[in-house]
Protein chains: 2
Amino acid sequence: MKKHYAIGIDLGSTNLRAALVSEEGEVLKRIKAPSAEGPGEALMKAVGELFADGVLGIGCGAAGLIDTDRGLVIKSPNLPAIEGAGIFDAIREKFGVPVFVENNAKAAALGEKWRGEGRAFRNFVLISLGTGIGGGIIYNDSLLDAATELGHMSIIANGEKCSCGSYGCLELYASAKAMVSRAVTALEHGSESILKECCHGNIYKVTPGDIYAAALDGDTFSREILREAGRYLGVGIASVINIFSPEAILLSGGLVGAWNIYVQEAIKEASRRAFKELFERVKILPSSLGDDAGVLGSSYLVFLCRST
Amino acid sequence: MKKHYAIGIDLGSTNLRAALVSEEGEVLKRIKAPSAEGPGEALMKAVGELFADGVLGIGCGAAGLIDTDRGLVIKSPNLPAIEGAGIFDAIREKFGVPVFVENNAKAAALGEKWRGEGRAFRNFVLISLGTGIGGGIIYNDSLLDAATELGHMSIIANGEKCSCGSYGCLELYASAKAMVSRAVTALEHGSESILKECCHGNIYKVTPGDIYAAALDGDTFSREILREAGRYLGVGIASVINIFSPEAILLSGGLVGAWNIYVQEAIKEASRRAFKELFERVKILPSSLGDDAGVLGSSYLVFLCRST
């Protein structure tokens, strides 16, 4: 019998990940490329490299607000170049297979439900922690059909202006972008930290990874950056618990690597804030699929559609 | 054929409403009583007055966190006296019919879906605006099985301490309790307002109704109290839109009477904050059932259970 495959894409604000995935959920080939500049070109190139005989379709998870029926990106504050149908229509035309578009955090939730930790739960919330913050919800074993823009809950009503147009969004205080921005501003104002020595002294090149490494090296400044972001994440997690009372919260994305400081602080803060009875029964876990959650979920969109 | 009825209860933080309801959703008799002191006794008395031949069961919507499977209140910050199974078991025993327990805002959402404005929508969020703030969600035509404690989203991370244990909850800034508390504090500090003359000069007896009446009379102080609460409600509504992207938001509860100032301000604020594409397609409407939403939804729990 002929083997069938799908190409799964996870188009985040900073990186594009793509994979060739079998019907059993095996990742046969992976690609990673920067996405911030020319995300459309990066996407087209990745599909070209992965396309093979037996590919039934392409699932594309992208950071932003999606119209799944029409298969396009309505709005992507961090990747405006992919808004509209243009790039997705171009892929449809060039490769002659269906292209499904979904929000990338929602795709990651689907990936977790298909092949990851999420298999154990009927109801869970996935929060993706990267440059931005996204969310996807599995409710009664299916993906909740809602925007789930968890990064754009206001947690400080009169706070900073967000690229989405609102103020005080969770993403402004708890994401990778937030940590780097806090660190750079404080270093500009003369804060003491070993971060000044990294990146050949160019503080504008500091990454979340540098901050975590410095924190593990005992840098008080970096620990506080991570802790503060973690506390705000905990504020958001508490609201998510009070609203969804999920069985589990799965955390995915690059920042999960900073579990010991950032996430631990978030869990502590959430435990102080969420309804005690709800907090006690929720499990807060890292995504078991790591960077593959998004590409697996996106490719599952193809297999799901075929089976229904 | 014998006619069947249910008793529907809406046990809020300030008032208890109860009704005898027919299978067709007709309210045959209504009772209203204060609930803040002795909610259990008020509940028992109301059921006693309404109980009649043909009553299949009792549906009880109560402000708080509910265990629907066990039919009890887990936690009710504003009505701690009804926590546990005690009062519900006593009613079961005395009247010999099933007693279903649900959160009262969720019951109101169900009421709207059964007999109100909600019939027109497959996906909507009901926000109850009274002493506290509650929420109920209809997702794909059914009640979303989640805590939906929308009043306990943090909108000001480092804000005031809430009775739920968290800080900066929406309810602390946008509810009737919040308005009265703001007004009293400002009046204590010497703010000028015609409110000083109401309640025989006893500012501690000011009600949300007094504030709205004064605002309509041109009292600047009262208008600002309503507007400020409305702006915070708008912050919460924007987050609800960004998370649930509902077709509609139905507003119920006593504060909906202050639509022209309070709710209009909330809609304006939400329009500035929510994702534009989501705001444009959501309808924000008052509950068409008014105070009956809760009792109708609670009684529907009885009929629903019978039909499945």
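Thoughts on the relation of the copies chain A and chain B
For step 1, the next point in the chain: Expressed as a screw transformation, the operator carrying chain A onto chain B has a rotation angle of 180° and an axial translation of 0.0 Å, and the superposed copies differ by an RMSD of 0.0 Å. Put plainly, the chains are arranged around a two-fold axis.
For step 2, the next point in the chain: A share of 100% of the interface residues of chain A reappears at the interface of chain B, consistent with the copies meeting face to face through the same patch.

A look at the domain arrangement of chain A
Residues and elements named next belong to chain A.
For step 1, the next point in the chain: According to the domain assignment, chain A contains domain 1 (5–111 + 291–307) and domain 2 (121–286).
For step 2, the next point in the chain: Using C-alpha coordinates to define each centre, domain 1 is positioned 25 Å away from domain 2.
For step 3, the next point in the chain: In this assembly, 13 residues from domain 1 lie in contact with 19 residues from domain 2.
For step 4, the next point in the chain: For the pair domain 1 and domain 2, the two sides together bury roughly 1100 Å², of which 60% comes from carbon and sulfur.
For step 5, the next point in the chain: One can count 0 salt bridges joining domain 1 with domain 2.
For step 6, the next point in the chain: If you list the elements that add at least two residues to the side of domain 1 that touches domain 2, you get strand 7 (99–103) and helix 3 (104–115).

Observations concerning the packing of aromatic side chains
Residues and elements named next belong to chain A.
For step 1, the next point in the chain: Using the criterion set out here, one finds 10 aromatic pairs over all chains in the structure.
For step 2, the next point in the chain: Judged by centre distance (4.6 Å) and plane angle (20°), the ring pair of tryptophan 114 and tyrosine 300 falls under stacked. Residue tryptophan 114 is found in helix 3, and its partner tyrosine 300 is found in helix 10 (residues 292–307); the two are separated by 186 residues along the sequence.
For step 3, the next point in the chain: The exposure class assigned to tyrosine 300 is partly exposed, which follows from its relative accessible area of 22%.
For step 4, the next point in the chain: Taking 6.0 Å as the distance between ring centres and 50° as the angle between the ring planes, the aromatic pair formed by tryptophan 114 and phenylalanine 303 counts as tilted. Taken as a pair, tryptophan 114 in helix 3 and phenylalanine 303 in helix 10 lie far apart in primary sequence, 189 residues in all.
For step 5, the next point in the chain: Residue tryptophan 114 is classed as buried on the basis of its relative accessible area, which comes to 13%.
For step 6, the next point in the chain: Through pairs of rings, three or more aromatic residues link up here, namely Trp114, Tyr300 and Phe303.

A few points about the packing of helix 5 (residues 176–188) of chain B against helix 7 (residues 220–244) of chain B
The relative placement of two packed helices comes down to the angle between their axes together with the axis-to-axis distance.
Residues and elements named next belong to chain B.
For step 1, the next point in the chain: Closest axis-to-axis distance for the helix 5/helix 7 pair is 10 Å, and the angle between their directions is 140°. In terms of orientation, helix 5 lies oblique with respect to helix 7. Of the two possible hands of crossing, helix 5 and helix 7 adopt the one that is right-handed. Contacts between helix 5 and helix 7 involve Met179, Arg182, Ala183, Ala186 and Leu187 on the former and, on the latter, Phe221, Ile225, Leu226, Glu228 and Ala229.
For step 2, the next point in the chain: Grouping the amino acids of the contact of helix 5 with helix 7 by side-chain chemistry returns 8 nonpolar, no polar and 2 charged.

A closer look at the nonpolar core
For step 1, the next point in the chain: Among the nonpolar cores identified, the biggest contains 135 residues, and Ile249 and Tyr262 of chain A together with Ile249 and Tyr262 of chain B are the most heavily contacted of them.
For step 2, the next point in the chain: Among residues more than four places away in sequence, those in contact with tyrosine 262 of chain A are Leu129, Ala174, Met179, Leu226, Ala229, Gly230, Leu233 and Leu255 of chain A.
For step 3, the next point in the chain: By size, the runner-up hydrophobic cluster in this structure holds 29 residues, among which are Ile9, Met44, Ile66 and Ile82 of chain B.

Notes on the sheet that holds strand 1 (residues 5–11) of chain A
Residue and element names in this part refer to chain A.
For step 1, the next point in the chain: What the 5 strands build is an open sheet, ordered 3-2-1-4-7; its pairing is mixed. If you trace the sheet from one side to the other, it starts and ends with strand 3 (27–34) and strand 7, each paired once. Across the sheet, the mean angle from the axis of one strand to that of its neighbour is 15°, orientation sign disregarded.
For step 2, the next point in the chain: Those strands touched by helix 1 (residues 39–50) are strand 1, strand 2 (15–22), strand 3 and strand 4 (55–62), and its axis lies near 25° from that of strand 2.
For step 3, the next point in the chain: Contacts from helix 3 reach strand 1, strand 2, strand 4 and strand 7 within the one sheet, and its direction differs from that of strand 7 by about 100°.

Section: the side chain of serine 287 of chain B
Residue and element names in this part refer to chain B.
For step 1, the next point in the chain: Residue placement: serine 287 occurs in the loop between strand 12 (283–286) and helix 10 (292–307).
For step 2, the next point in the chain: There is a polar contact of 3.2 Å between the side chain of serine 287 and the backbone nitrogen of leucine 289.
For step 3, the next point in the chain: When residues no more than four places from it in sequence are discounted, the contact partners of serine 287 are Glu112, Leu251, Ser252 and Ala293.

Calculation rules
- Residues numbered from 1 in each chain as written.
- Chains lettered and ligands numbered in written order.
- Predicted model: local features only at pLDDT ≥ 70, side-chain atom pairs only at ≥ 80, totals over all residues.
- Heavy atoms only, no water.
- Least-squares fit on C-alpha atoms with pLDDT ≥ 70 in both.
- Contact = heavy atoms within 4.5 Å.
- Domains from an automatic or database assignment.
- Buried area = accessible area lost by both parts, 1.4 Å probe.
- Salt bridge = Lys/Arg side-chain N within 4 Å of Asp/Glu carboxyl O.
- Helix = DSSP H or I, 4+ residues; strand = E, 2+ residues; numbered from the N terminus.
- Phe/Tyr/Trp six-rings, centres within 6.5 Å; stacked < 30°, edge-to-face > 60°.
- Buried < 20%, exposed > 50% of the residue type's maximum accessible area, 1.4 Å probe, protein only.
- Axes fitted to C-alpha atoms, helices over the stretch in contact; angles between N-to-C directions.
- Parallel < 35°, antiparallel > 145°, perpendicular 65-115°, else oblique.
- Left-handed = near helix turned anticlockwise from the far one by under 90°.
- Nonpolar A, V, L, I, M, F, W, Y, C, P; charged D, E, K, R; others polar.
- Core = buried A, V, L, I, M, F, W, Y, C linked by side-chain atoms within 4.5 Å.
- Pairing = 2+ DSSP bridges.
- Polar contact = N/O pair within 3.5 Å; in protein donor to acceptor, adjacent residues only side chain to side chain.

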